Amino acid sequence: MTKTKETCYFATVAVGFAAFLALQQNGQAVRIGADAIGGVVSGPNGPEAGVWVIAETTDLPTKFVRIVVTDDQGRYVIPDLPKASYRVWARGYGLVDSPQAQAVPGAMLNLSAVVAPDPRAAAEYYPAGYWFSLMRVPAKGEFASTGADGNGMAPNVKSQAEWIMILKSGGCWACHQLGSKGTREIPKALGTFESSTAAWLRRLQSGQAGSQMIGTLSQLGAKRALAMFADWTDRIAAGAVPPTPPRPQGVERNVVITEWDWADPKAYLHDEVSTDRRNPTINANGSIYGSLELSADYLPVLDPVHNTTSRVPLTVRDPNTQPAAGPPTQPSPYWGSEVLWTSKNNVHNPMFDERGRVWLTSTVRPPDNPPFCQAGSSHPSAKLFPLARAGRHLAVYDPKTQKLTPISTCFSTHHLMFAADADRTLWTSGGGPVVGWLNTRMFDETGDEEKSQGWTALILDTNGNGKRDAYVEPDQPVDPSKDKRISAGFYAVAPAPDGSIWGTSLGFPGAIVRLNPGSHPPETALVELYELPLDRSGAPVEGFSPRGGDVDRNGVYWTALASGHLASFDRRKCRGPLNGPTATGQHCPEGWTFYPEPLPQLTGVTDPGSAEASYYTWVDQLGVLGLGSNVPINTGNGSEGLLVFKDGKWVVLRVPYPLGFYTKWLDGRIDDPTAGWKGRGLWATVSTRAPFHMEGGKGTTSKVLKFQLRPDPLAQ
């Protein structure tokens, strides 16, 4: 700031000038520009280090929030604020929220921290995962006698690890948090019940997800699962509190988090996309696009430069396509019997291409496939593995022409990602027994969706001759003279620099799959299967059950595990053969490395890991965040933030407001490669199916979030 500007500024903002002088006299000078708010947060014992300062405004076209962390002297600077009037307050572990103060950019504002009056008041601000860690899952010994005549657990659940997998990866946590205020307490609006178990049973029947929740309950065993949930909320109601989290330290204090409201309170987000993974400068400063999955037929759009939101209407090709979600099974304590989720498109995952178009996994027609997908077709893939049905397909939206093009695929889709090849191949997951792809170069040239798509079954090279041959089916034993087809459908999908395609296979112990397409994938593709290692008793060696994952530029695969780990798998470490009759999953335990995530473990669980339930791992291959290349980042939904794994240590980028941050994906964009930290950032969205569980309750919408790292907590 020049001397002339300083003189003008301090002449017009007398209160800010007085605050600035006071800070200088204390040897704690905070200098700000005309677009920043800064000051010191102090408590009864002096400056408060590692607490968040939150600035929020509704003066802009959509609600806007910016959050920073205080340095070791309690100082803060909230930079680059749009012109508006802001409510500003401090929030931190060991505190309750400070009184909100009004401020405008250019103002100095000191805040008085308020110490929590008791541990329970302090714990209201802890991440959901800390509260979840109080849950007592069944002890290992309880799995010896299960079923209706045993202790109420489902007989197919053979171990504590499998129970945790269902709870975290296969069921509850796959859709929302456990431990948020909306889940750790029984809503009064639900009614009055004779017991907490009865209240939980009625709660799990609520809304349009009621049948899914009851299905998860049955997977666990309803009697024992209801007892576990009831015990958890009863102890919390009686005053139980989790351990205190550590305040942000080191580089964690350099974060700048920006939030914008988008979509609507009745819709939930699944993913967002900001750029092309292969070139993160694509769509620089452009709009962010989201996917509403089951809930609504539009793409929410954020213009982060002008702080505006809009919508792209979605349509299906065939009007006979039915909504993806059914009606409520029982009234919700939040929405009654109102039908909230009405989507036919059921868009799940968006991705930018090199032309700035947005590709989507989207339903475009009813599930019965056209003849070219089925037996008797001349299509190269259908001749080898015909497909009768597909539940979700593809679509592409061009922001320049505002045209939406549906693409009917024979295979189902879930996630999608582009390979860096000449065909600009779009690989997908969710195909069940197959992996499907679209040759987007061919599609752009011809518009022929039939010729441009393909798919392959998952075939292990069990005879070890390096090529694909006749194979036995998944339910047949290995034949050393043949190959073997496996049922290890891709959940995540990630093309690697060497041309291979990696994915996760859900379940217990779960696995990752590497697909080598070969010269003509429908007939040449071979896969390698790497299960999470088990000991001789069938128990996990350490981690188990992957969900989302990603590959780095060195070909190392990273994935989030239900056990509360980040895991890496490095194929280069395998000491034995990668194919042949013994290479069927448990053949490379030495390729795995496990890193426990930074939360307490569940109560009574003695195995390694934590209560964390990360949904996905995304690798910052090109160093967009500023911490170097090939940095894996977990969507730490128990920690309510992003978990960055750097040099063997965790960097927790906590989202402290609103409480309840939960995301299923992230990506990184470079808006200006010459602008340092200001020109780059990670993007995510609130992805919970229950935004009404978040701070603010009913009426709270999803948010778009941008994470940036400054060189220090006061950088502007």
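Everything below is about the structure printed above this text.
Fair warning: this is a prediction, and the values are worked out from it, not measured in the lab. (Residues numbered from 1 in each chain as written. Predicted model: local features only at pLDDT ≥ 70, side-chain atom pairs only at ≥ 80, totals over all residues. Heavy atoms only, no water.)

Asks: Sorry if this is basic, but what is going on with the sheet that holds strand S13 (residues 288-291) here?
Replies: To summarise the sheet geometry, strands pair through backbone hydrogen bonds and adopt either a parallel or an antiparallel arrangement. Pairing within the open sheet is antiparallel, and its four strands lie in the order S12-S13-S14-S15. The sheet terminates laterally at strand S12 (271-273) and strand S15 (308-313), the two strands that pair on one side only. Mean inter-strand twist for the sheet, computed between neighbouring axes without regard to direction, equals 25°. Bridge count between S12 and S13: three bridges; the pairing is antiparallel. Its bridge partner being in S13, Val 273 is matched across the sheet by Tyr 289. (Pairing = 2+ DSSP bridges. Helix = DSSP H or I, 4+ residues; strand = E, 2+ residues; numbered from the N terminus. Axes fitted to C-alpha atoms, helices over the stretch in contact; angles between N-to-C directions.)

Asks: It is not clear to me how the side chain of Arg 224 should be interpreted in this structure. Could you clarify?
Replies: Residue placement: Arg 224 occurs in helix H9 (residues 222-237). For Arg 224, the residues in contact, after removing those within four places along its chain, are Pro 138, Glu 142, Asn 151, Gly 152, Met 153 and Trp 163. (Contact = heavy atoms within 4.5 Å.)

Asks: Looking at this structure, how should I read the packing of helix H5 (residues 160-170) against helix H8 (residues 210-220)?
Replies: When two helices pack together, their arrangement is given by the angle between the helix axes and by the axis-to-axis distance. The geometry of H5 relative to H8 is characterised by a closest axis approach of 10 Å and an angle of 175° between their N-to-C directions. The angle between the axes of H5 and H8 places the two elements in the roughly antiparallel class. Where H5 abuts H8, its residues Trp 163, Ile 166 and Leu 167 lie against Thr 216, Gln 219 and Leu 220. In the contact of H5 with H8, the residues fall into four nonpolar, two polar and no charged. (Parallel < 35°, antiparallel > 145°, perpendicular 65-115°, else oblique. Nonpolar A, V, L, I, M, F, W, Y, C, P; charged D, E, K, R; others polar.)

Asks: What is the right way to read H5 from this model?
Replies: Helical periodicity: at 3.6 residues per turn, an α-helix aligns residues three or four positions apart in one direction. Counting buried positions over the eleven residues of H5 gives ten, a clear majority of the element. Taken as a whole, H5 has its buried residues at Gln 160, Ala 161, Glu 162, Trp 163, Ile 164, Met 165, Ile 166, Leu 167, Lys 168 and Ser 169. Taken together, the buried residues of H5 touch helix H4 (128-132), H8, H9 and strand S31 (546-551). (Buried < 20%, exposed > 50% of the residue type's maximum accessible area, 1.4 Å probe, protein only.)

Asks: What exactly am I supposed to notice about the state of the cysteines here?
Replies: Cysteine pairs can be covalently joined through their sulfur atoms, and such a bond is termed a disulfide. Scanning all chains against the criterion turns up two disulfides. Paired by a disulfide, Cys 373 and Cys 410 hold their sulfur atoms 1.9 Å apart. The sign of the S-S torsion, about -70°, decides the handedness of the disulfide formed by Cys 373 and Cys 410: left-handed. One end of the pair, Cys 373, is in the loop between strand S17 (358-362) and helix H10 (380-384); the other, Cys 410, is in the loop between strand S19 (403-407) and strand S20 (416-418), with 37 residues separating them in the sequence. (Disulfide = S-S within 2.5 Å.)

Asks: When you look at the pattern of salt bridges in this model, what are you seeing that I'm missing?
Replies: Opposite charge on two side chains permits pairing when their charged atoms draw close. Enumeration over the complete set of coordinates arrives at 42 salt bridges. The shortest N-O distance in the salt bridge between Asp 570 and Arg 572 comes to 2.9 Å. For Asp 570, a relative accessible area of 10% corresponds to the buried category. Between Lys 646 and Asp 647 there is a salt bridge, with the nearest N and O atoms lying 3.9 Å from each other. A residue is classified by how much of its surface remains accessible, and Lys 646, at 25% relative accessible area, is partly exposed. The class for Asp 647 is exposed, based on a relative accessible area of 66%. (Salt bridge = Lys/Arg side-chain N within 4 Å of Asp/Glu carboxyl O.)

Asks: For this particular structure, what's the right way to read the pairing of S13?
Replies: Alternating positions in S13 separate into two faces, Ile 288 and Gly 290 on one and Tyr 289 and Ser 291 on the other, with burial throughout. Direction of pairing for S13 relative to strand S14 (residues 298-303): antiparallel, over a ladder of two bridges. Counterpart to Tyr 289 in the pairing with S14 is Val 301. Following S13, the chain reverses through six residues before pairing antiparallel with S14; Glu 293 in that reversal takes a positive phi of roughly 45°.

Asks: Help me out: how do you make sense of the nonpolar core in this one?
Replies: Nonpolar side chains in soluble globular proteins tend to end up buried together. In this structure, Leu 167, Phe 229 and Phe 707 are the most contacted members of the largest nonpolar core, which totals 119 residues. Considering every element that reaches this core, the biggest residue donor is H9, with seven residues. Once you skip the residues sitting within four places of it in the chain, Leu 167 turns out to touch Phe 132, Met 135, Val 137, Cys 172, Trp 173, Leu 178, Leu 220, Met 228 and Phe 229. Formed by 36 residues, the second largest nonpolar core is a distinct cluster that contains Ile 37, Val 51, Ala 107 and Val 704. (Core = buried A, V, L, I, M, F, W, Y, C linked by side-chain atoms within 4.5 Å.)

Asks: Please explain helix H7 (residues 196-204) as it appears in this structure.
Replies: Every buried residue of H7 is accounted for by Ala 199, Trp 200, Arg 202, Arg 203 and Leu 204. Looking at the buried side of H7, the elements it contacts are helix H6 (181-184), H8 and H9.

Asks: Where do I start with the sheet that holds strand S40 (residues 680-685) in this structure?
Replies: Ordered by their spatial adjacency, eight strands build an open sheet running S8-S6-S3-S4-S11-S41-S40-S39, and the pairing between neighbours is antiparallel. Of all the strands in the sheet, the pair left with one neighbour each is strand S8 (101-103) and strand S39 (666-670). Recorded for the sheet is a direction-independent mean angle of 25° between the axes of neighbouring strands.

Asks: How should I be thinking about the packing of aromatic side chains in this particular structure?
Replies: How two aromatic rings sit relative to each other is set out by the distance from centre to centre and by the angle between their planes. Scanning the entire structure with this criterion turns up 32 aromatic pairs. Taken together, a centroid distance of 6.0 Å and an interplanar angle of 25° make the contact between Trp 558 and Tyr 595 stacked. Of this pair, Trp 558 sits in strand S32 (residues 557-561) while Tyr 595 sits in strand S34 (residues 592-596), and the two are 37 residues apart along the sequence. Here Tyr 595 falls in the partly exposed class, since its relative accessible area comes to 22%. Ring geometry for Trp 592 against Phe 594: centres 6.2 Å apart, planes inclined by 5°, an arrangement best described as stacked. One exposure class covers both Trp 592 and Phe 594, and it is buried. Taken together, Trp 502, Tyr 530, Tyr 557, Phe 569, Trp 592 and Phe 594 form an aromatic cluster joined through their ring pairs. Taking the ring centre of Trp 131 as reference, the NZ or CZ of Arg 184 above it sits at 4.1 Å. One Lys or Arg, Arg 311, reaches over the ring of Tyr 298 and ends 4.1 Å from the middle of that ring. (Phe/Tyr/Trp six-rings, centres within 6.5 Å; stacked < 30°, edge-to-face > 60°. Lys NZ or Arg CZ within 6 Å of the ring centre and 35° of its normal.)

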